[in-house]
Amino acid sequence: ILTTDRLQVSEIETNFLGGLLRGQWELAWSNGLVMTGSGRLERIDLALLSSSLLPITRLEGELSGELAVSGRGDSWTGLWQAASAQMKFKAVRGNLHGLDIGEAGRRGAGATVRAGTTRFDALEGNLQLVPGSIQLRDMRLEAGAISASGQVTAGRDGLIDGRLMMAAQTSAATIRVPLALSGRLPALTLTAGR
């Protein structure tokens with residue numbers, strides 16, 4: 001629907017990065033440019049997503065979630081530079097390349113791991129993109145007998161800072177190891193604490 005001061009697009013349904021995107025989007029221009037939108041992502045291919053939108057990361061799996069975007073600016077460029085997005089997501093049957101959470105936990109306090117892969121059954125959390133950074137909160141990863149939870153922040157320059165708590169279930173007990181995540185994408189380091 002196009003009126004004198006806004007464009008509304010509803011009932012969007014499109015193939016997107018190997019999956020589906022459903023939602024709506026609105027752009028108004030009576031007082032600068034204002035954008036809002038929301039949608040549902042279903043079965044997005046994480047390998048396609050990371051290669052096209054986040055080329056310095058390597059992810060695999062299938063992503064679904066609820067997405068909301070907003071932005072305000074005096075120009076088209078300014079609108080997108082000030083845009084923010086929030087997404088509650090869940091990824092299944094995937095791989096995080098460049099991180100081996102299980103190995104960092106197995107090595108114990110003081111150990112440093114700089115490479116590897118973490119295979120996961122499920123990875124979920126709340127993702128927030130704001131100008132200058134990406135924040136991943138309430139993250140929970142399930143990978144067989146190993147799980148991890150915590151939060152991670154990535155700056156526009158690729159610097160990563162995160163805190164995770166890894167838990168490994170054995171036949172006798174649950175072992176918990178705090179992990180610090182640092183580095184600059186794509187070179188990341190996991191350091192085990194006490």
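Coordinates for the structure precede this section.
Position numbers for residues count from 1 along each chain, tracking the sequence in the order it is written. Whole-chain, interface and lining totals are the exception, using all residues; otherwise, since this is a predicted model, local features are given only for residues with pLDDT of at least 70 and side-chain atom pairs are given and counted only at 80 or more. Side-chain measures here rest on the full set of heavy atoms in the structure, leaving out hydrogens and waters.

### A few points about the packing of aromatic side chains
What describes a pair of aromatic rings is the distance from one ring centre to the other and the angle between the planes of the rings.
So, point 1. Only rings of Phe, Tyr and Trp enter the pairing, Trp through its six-membered ring, and a pair is recorded when the two centres are within 6.5 Å. The plane angle decides the type: under 30 degrees is stacked, over 60 is edge-to-face, the rest tilted. Using the criterion set out here, one finds 1 aromatic pair in the structure.
So, point 2. Between Trp76 and Trp80, the aromatic rings sit 5.9 Å apart at their centres with planes inclined by 75°, giving edge-to-face as the arrangement. Highlighted residues: Trp76 and Trp80, both in helix α2 (residues 76-81), separated by 4 residues, approximately one helical turn. Secondary structure elements follow DSSP: runs of H or I of four or more residues count as helices, runs of E of two or more count as strands, with numbering from the N terminus.

### Some remarks on the environment of Ser70
So, point 1. Looking at the secondary structure, you find Ser70 in strand β4 (residues 59-73).
So, point 2. As for Ser70 and Met139, which are separated by 69 residues in sequence, their C-alpha atoms are 23 Å apart.
So, point 3. Other than its neighbours up to four places away in sequence, Ser70 contacts Met35, Thr36, Ala83 and Ser84. Residue contacts follow a heavy-atom distance rule, with two residues in contact if any of their heavy atoms lie within 4.5 Å.

### Remarks on the side chain of Ser84
So, point 1. Assignment of secondary structure puts Ser84 in strand β5 (residues 84-97).
So, point 2. For each residue, the accessible area found with a 1.4 Å probe, counting protein chains only, is set against the maximum for its type, and the residue is called buried under 20%, exposed over 50%, and partly exposed in between. When its relative accessible area of 17% is taken as the criterion, Ser84 is described as buried.
So, point 3. Every residue in contact with Ser84, bar those within four places of it in the chain, is listed here: Ala68, Val69, Ser70, Leu129 and Val130.

### Brief notes about unusual backbone geometry
So, point 1. Look at the link from Leu185 to Pro186: it is a cis peptide, with omega at 5°.
So, point 2. Turning to its location among the elements, Pro186 is positioned in the loop between β11 (174-184) and β12 (187-192).
So, point 3. Backbone geometry places Leu17, a non-glycine residue, at a positive phi of 50°.
So, point 4. Tracing the chain through its elements places Leu17 in the loop between β1 (6-16) and β2 (19-28).
So, point 5. Backbone geometry at Arg93 places phi at a positive 45°, although glycine is not the residue there.
So, point 6. Relative to the helices and strands, Arg93 resides in strand β5.

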